[in-house]
Amino acid sequence: MTGIVIVGASLAGLRAAEHLREEGFDGSLTLIGDEPHEPYDRPPLSKQVLLGRVLPEDTALPRRREVDAEWRLGVAAAGLDCPCATGDASRPPSEPICTNAGP
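From a predicted model like this one, the values you see are computed outputs, not experimental measurements.

**Q** How do you make sense of the overall build of the protein chain when you look at a structure like this?
**A** Scanning the protein chain from terminus to terminus reveals two helices and four strands. Beginning at the N terminus, the succession of helices and strands in the protein chain can be written as β-α-β-α-β-β. By residue count, 26% of the 103 residues in the protein chain fall in the buried class. Residue pairs at least 24 apart in sequence account for 69% of intrachain contacts in the protein chain once pairs closer than 6 positions are excluded. Only carbon and sulfur atoms are counted for the fraction: they give 54% of the accessible area of the protein chain, which is about 7,000 Å².

Okay, structure coming up:
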């Protein structure tokens, strides 16, 4: 396996990447997310930032570990072309994909 693509670059995507690294995965990681920023703590953003009590840059989520990933931010995943979905149940090699869909 050469790499894993994680679709959804919010809290769930970040934690998935951290968990993969904790478990010893040393291949490439790519996180794709439609928002232009790395994961952030949404409740303070929606309340404290709008009230001027917290700066937006102070809402970043704490990292449990370095994930050494390529962040593709501001890019929505438009579809999934999965060659492993075959009618004869065979599984040709492909990059694993982890989806973390938001609300």
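Structure's up, so let's keep going.
**Q** Sorry, what's going on with the confidence of the model for the protein chain here?
**A** One rule of thumb: low pLDDT means the predicted coordinates there are not for detailed reading. The predicted model of the protein chain has a mean per-residue pLDDT of 76, with 65% of residues at 70 or higher. Mean pLDDT across the elements of the protein chain bottoms out in strand S4 (residues 97–99) (69) and peaks in helix H1 (residues 11–22) (89).

**Q** Mind showing me how you'd approach the pairing of strand S1 (residues 3–7) here?
**A** Regular strands place side chains that alternate from one sheet face to the opposite one. With five bridges joining them, S1 and strand S2 (residues 28–33) adopt parallel strand pairing. Pairing of Ile6 across the sheet is with Leu31, part of S2. As for the winding sense of the linkage, the β-α-β connection from S1 through H1 to S2 is right-handed.

**Q** Looking at this model, I keep getting lost on unusual backbone geometry. Mind explaining?
**A** The phi angle of most residues is negative, glycine excepted, and most peptide bonds adopt the trans form. Its identity is not glycine, yet Asp68 carries a phi of approximately 45°, on the positive side. With respect to the helices, strands and loops of the structure, Asp68 is situated in the loop between helix H2 (42–49) and strand S3 (70–73).

**Q** When you look at the pattern of salt bridges in this model, what are you seeing that I'm missing?
**A** Pairing between side chains becomes possible if they bear opposite charge and their charged atoms approach one another. According to the stated counting rule, one finds one salt bridge in the structure shown. With a closest N to O distance of 2.9 Å, Arg15 and Glu18 form a salt bridge. Placement of both Arg15 and Glu18 in helix H1 is noted, with a separation of three residues, approximately one turn of the helix. A residue is classified by how much of its surface remains accessible, and Glu18, at 1% relative accessible area, is buried.

**Q** I'm lost on the environment of Leu73 in this one. Help?
**A** By the element assignment, Leu73 lies in strand S3. Assessed through its relative accessible area of 24%, Leu73 is described here as partly exposed. Counting along the chain gives 37 residues from Leu73 to Pro36, while the straight-line C-alpha distance between them is 5.0 Å. When neighbours within four sequence positions are excluded, Leu73 is seen to be in contact with Ala9, Gly33, Glu35, Pro36, His37 and Glu38.

**Q** Help me understand the environment of Ala76 in this model?
**A** You can see Ala76 is positioned in the loop between S3 and S4. Taking the relative accessible area as the measure of exposure, Ala76 reaches 53% and is therefore exposed. Taking the C-alpha atoms as reference points, Ala76 and Glu35, 41 residues apart in sequence, are found 8.0 Å from one another.

Parameters at a glance
Residues numbered from 1 in each chain as written. Predicted model: local features only at pLDDT ≥ 70, side-chain atom pairs only at ≥ 80, totals over all residues. Heavy atoms only, no water. Helix = DSSP H or I, 4+ residues; strand = E, 2+ residues; numbered from the N terminus. Buried < 20%, exposed > 50% of the residue type's maximum accessible area, 1.4 Å probe, protein only. Contact = heavy atoms within 4.5 Å. Areas by Shrake-Rupley, 256 points an atom, 1.4 Å probe, with all protein chains shown as cover. pLDDT = per-residue confidence, 0-100. Pairing = 2+ DSSP bridges. Right-handed = clockwise from strand over helix to strand, strands pointing away. Salt bridge = Lys/Arg side-chain N within 4 Å of Asp/Glu carboxyl O.

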